[in-house]
Amino acid sequence: MTTGSRKSSRKVSDPPAPRAWQRMLSGRRLDLLDPSPLDIEIADIAHGLARVARWNGQTRGGHAFSVAQHSVLVESLVRRMWPESGPAHLLGALLHDAPEYVIGDMISPFKNALGVDYRQFEARLESAIRLRFGLPAKMTADLKARIKQADQSAAFYEATRLAGFDVDEALGLFGGPPPGPDPDTTPLSPSDAQQLFLQRFSDLQSEMDGRG
């Protein structure tokens with residue numbers, strides 16, 4: 001009988017690669033590293049955004065103020081500030097935060113801390129979403145600037161009405177809102193926010209298809 005240690009001839013298998021896809025309620029499996037437009041559904045986006053809280057949930061009201069509701073607000077402000085905007089530009093505004101249905105609403109300082117890899121990941125997902133719904137993969141610099149301005153105005157309203165900021169503090173951080181009536185920022189339930197987002201999406205798609 002041979003004694004002593006003997007190295008096993010069995011090859012140890014490499015560990016499986018970490019899962020890099022997410023299963024959506026639609027049944028789609030979205031590859032997070034290489035997202036395909038074919039795996040993106042508006043129902044998944046609306047469902048996810050309606051359940052992602054703005055301001056990390058630190059807002060007043062019986063419900064969180066969701067990214068879905070924020071997206072509709074931003075689109076309405078683009079429409080008010082640039083009334084000549086066509087439905088494709090408005091759809092781009094509605095979908096400007098759509099990647100957050102996968103990655104959540106990260107505050108800007110955290111995005112900056114994560115660095116360029118995060119930004120590239122977000123950009124790939126945004127391009128896939130835009131292509132899925134008939135938009136160019138990348139928005140123009142002019143449209144991006146307009147959406148950013150509307151986004152800042154939306155943040156002013158949300159900050160002062162919901163997140164506990166005083167007006168002077170919000171003016172310093174986000175600038176002043178555009179002229180016109182104040183929008184309704186009453187936080188909606190997730191189901192109501194989801195339906196609001198889907199209805200606005202449907203309206204804009206109809207306009208893009210010439211049915212509006």
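First things first, this report covers the structure right here in the doc. (Residues numbered from 1 in each chain as written. Predicted model: local features only at pLDDT ≥ 70, side-chain atom pairs only at ≥ 80, totals over all residues. Heavy atoms only, no water.)

Moving on: the packing of aromatic side chains. Taken as a whole, this structure holds 5 aromatic pairs when the rule is applied. With 6.0 Å between their ring centres and 85° between their planes, tryptophan 55 and phenylalanine 174 make a pair best called edge-to-face. Of this pair, tryptophan 55 sits in the loop between helix 1 (42–49) and helix 2 (67–81) while phenylalanine 174 sits in helix 8 (residues 167–174), and the two are 119 residues apart along the sequence. Accessibility classification places tryptophan 55 together with phenylalanine 174 in one group, the buried group. Ring centres of phenylalanine 165 and phenylalanine 174 lie 6.2 Å apart, and the angle between their planes is 55°; this geometry places the pair in the tilted category. (Phe/Tyr/Trp six-rings, centres within 6.5 Å; stacked < 30°, edge-to-face > 60°. Helix = DSSP H or I, 4+ residues; strand = E, 2+ residues; numbered from the N terminus. Buried < 20%, exposed > 50% of the residue type's maximum accessible area, 1.4 Å probe, protein only.)

Under the counting rule described, the total for this entry stands at 9 salt bridges. Put simply, Glu75, Arg79, Arg200 and Asp203 are held in one network by salt bridges that share partners. (Salt bridge = Lys/Arg side-chain N within 4 Å of Asp/Glu carboxyl O.)

Let's shift gears to helix 8. An α-helix turns once per 3.6 residues; consequently, residues spaced three or four apart project the same way. Two to three positions downstream of the cap, the backbone nitrogen of aspartate 168 sits 3.3 Å from a side-chain oxygen, assigning the N-cap of helix 8 to aspartate 166. Looking at the residues trailing helix 8, positive phi occurs at glycine 175, about 80°. (Polar contact = N/O pair within 3.5 Å; in protein donor to acceptor, adjacent residues only side chain to side chain.)

A few words on the nonpolar core. Generally speaking, nonpolar side chains in soluble globular proteins are found buried as a group. Membership of the largest hydrophobic core comes to 52 residues, with the highest contact counts inside it found for Ile45, Leu95, Tyr101, Ile129, Phe133 and Phe197. Elements represented by at least two residues in this core include exactly helix 1, helix 2, helix 3 (87–94), helix 4 (100–103), helix 6 (116–132), helix 7 (141–161), helix 8 and helix 9 (190–208). Not counting residues within four places of it along the chain, the set of residues in contact with isoleucine 129 comprises Ile40, Ile45, Leu95, Ala98, Pro99 and Tyr101. (Core = buried A, V, L, I, M, F, W, Y, C linked by side-chain atoms within 4.5 Å. Contact = heavy atoms within 4.5 Å.)

As a further point, take the environment of alanine 137. Following the sequence through the fold, alanine 137 ends up in the loop between helix 6 and helix 7. Assessed through its relative accessible area of 30%, alanine 137 is described here as partly exposed. As a C-alpha pair, alanine 137 and glutamate 126 span 11 residues in sequence and 7.8 Å in three-dimensional space. Apart from residues no more than four positions distant in its own chain, alanine 137 is found in contact with Ser127, Arg130 and Leu131.

Here we come to the side chain of glutamate 158. With respect to the helices and strands, glutamate 158 occurs in helix 7. By relative accessible area, glutamate 158 is classed as buried at 0%. In this structure the side chain of glutamate 158 is engaged in a polar contact, spanning 2.7 Å, whose partner is the side chain of histidine 70. Among all residues touching glutamate 158, those that are not within four sequence positions of it are Arg54, Trp55, Phe65, His70, Leu73 and Ala163.

We now examine helix 7. For helix 7, built from 21 residues, the straight-helix expectation of 30 Å at 1.5 Å per residue is met to within 8% by its first-to-last C-alpha distance of 30 Å. Listed in full, the buried residues belonging to helix 7 are Leu143, Ile147, Ala150, Asp151, Ser153, Ala154, Ala155, Phe156, Tyr157, Glu158 and Ala159. (Expected span 1.5 Å × (residues − 1).)

Where helix 7 meets helix 8, the closest approach of the two axes is 9 Å, and the angle between their N-to-C directions is 160°. Looking at the two axes, helix 7 sits roughly antiparallel to helix 8. Seen from above, helix 7 lies across helix 8 with right-handed handedness. Contacts between helix 7 and helix 8 pair Gln152, Ala155, Phe156, Ala159 and Thr160 from the former with Val167, Ala170, Leu171, Leu173 and Phe174 from the latter. Considering only residue class, the contact of helix 7 with helix 8 consists of 8 nonpolar, 2 polar and no charged. (Axes fitted to C-alpha atoms, helices over the stretch in contact; angles between N-to-C directions. Parallel < 35°, antiparallel > 145°, perpendicular 65-115°, else oblique. Left-handed = near helix turned anticlockwise from the far one by under 90°. Nonpolar A, V, L, I, M, F, W, Y, C, P; charged D, E, K, R; others polar.)

Keep in mind these values describe shape, not function.
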